[in-house]
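# Tertiary structure, described
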Amino acid sequence: MTAPRGRQFLHTPGPTNMPDRVLRAMDRPAMDHRGPEFQRIANACFEGLTRIFKTEHPVLVYPSAGHGAWEAALANSCSPGDRVLMAETGAFSTWWKDMAEALGLIVDYLPGDWRAGADPAAIEARLTEDKAHAIRAVAIVHNETSTGVLSPVAEIRRAIDRARHPALFLVDTISSLASIDFRMDEWQVDVAVGGSQKGLMLPPGLGFNGVGAKALSASQSARCRRSYWDWRAMLPDGKTVTFPCTPPVNLFFGLKDAIDMLLEEGLDQVFERHRRLAEAVRRAVAAWGLELVARNPEQQSNSVSAILLPDGHDAEALRKTCLERFNLVLGSGLLRLRGRAFRIGHLGDLNELMILGTLSGVEMGLRANAVPHRPGGVQAAIDYLAS
Ligand code: PLP
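The sections below set out a description of the structure shown in this document. (Residues numbered from 1 in each chain as written. Predicted model: local features only at pLDDT ≥ 70, side-chain atom pairs only at ≥ 80, totals over all residues. Heavy atoms only, no water.)

## Details of the pattern of salt bridges
- Evaluated as defined, the whole model comprises 28 salt bridges.
- Of the charged contacts in the structure, one is a salt bridge between Lys 97 and Glu 101, with a shortest N-O distance of 4.0 Å. With Lys 97 and Glu 101 both in helix H4 (residues 91-102) and four residues apart, the pair spans about one turn of that helix.
- Each member of the salt-bridge network shares a partner with another, and the members are Lys 54, Asp 181, Arg 183 and Glu 186. (Salt bridge = Lys/Arg side-chain N within 4 Å of Asp/Glu carboxyl O. Helix = DSSP H or I, 4+ residues; strand = E, 2+ residues; numbered from the N terminus.)

Take a look at the structure:
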């Protein structure tokens, strides 16, 4: 292997590439986190986040990974012994389910084959059966990052309403936020869970909870043990977000510029850019004669594609070739997809040539590893993007 030159092509579905403007914004000396300058930046971020989440409710920011935001959402909404309805869409829904169980919740886990999103009809049926309203919350992963499958959040909201069930609606928007349309208020999501290292084009380290009024009121009686994650500590008056701990000041400078960049581009344009680049990936996959994990075209994610390799071919070997020969980092298959699928992250600070470079790396990797495929995937993507 020769010494890698040029920029590495990082195409995991998070962390994603960070724009130079965001990197420069974070390049700051230390600052008093209780002083007026930081307060100004933090307030601008809190306001900007409500626009990204499409909500009028507060968005809390934890110095944490997405896992922390997951735990905060569950621990503030539920009590040990509560029933929670979740849907198996892949590795992330499974890990969130495991966390719920570890917190003492009883999870009703609707089974799935990892190739489709959560099923609104199955959710409606389960809620309709629950005449005693024992189910405290429905918790869904909007964009299942392990499979590239999108769940129909708006339809699930309608299913909850049709069942006339009072369950809270918790949605993980970690790999859809700021890359695929997400509407917290319109879809009446009670708790929206986000993270910094994906569509927001930031380093890992910030976890978000958008907290609606119903969830905030439910949190008063929720009995899961919590201290660091307690919403009441971050939202003492129920409206104004604050920090009981030292906030990650430099990440906030990055967040401010990332939000500005997204709003300057326009969220609709951001979503359209992601759709177009994702479609280029899908055209390439089809031209290669390979198959996406996501079966239903309407549920194919615009932020990540998981691609199956033919039986007998190792996706990890393909990833190794792409890294060692072309300095291209692809996402691995997770849990049951390990070795069977690889993932192309196509979210964040990304353009046509970056995606074409990535597809070229994959096509070369397929050839180098003698994975059966038709040539011409990159050409199909070029034809689409140039048209
Ligand atoms: N949920 C989804 C959909 C994710 O994609 C991820 C991470 O990739 C997580 C949760 C967990 O986030 P973190 O790894 O930051 O804890």
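Now that the structure has been shown, we can carry on.
## Here we look at the pairing of strand E14 (residues 341-345)
- The buried count for E14 comes to five of five residues, which makes it a mostly enclosed element.
- What you see with E14 is no split at all: Ala 341, Arg 343 and Gly 345 on one side and Phe 342 and Ile 344 on the other are buried throughout.
- The pairing of strand E12 (residues 304-308) with E14 spans five bridges and is antiparallel. Considered in E14, the bridge of Ala 306 is made with Arg 343.
- Bridging between strand E13 (residues 328-332) and E14 involves two bridges; their strand directions are antiparallel. Within E14, the position partnered with Gly 331 by the bridge is Arg 343. (Buried < 20%, exposed > 50% of the residue type's maximum accessible area, 1.4 Å probe, protein only. Pairing = 2+ DSSP bridges.)

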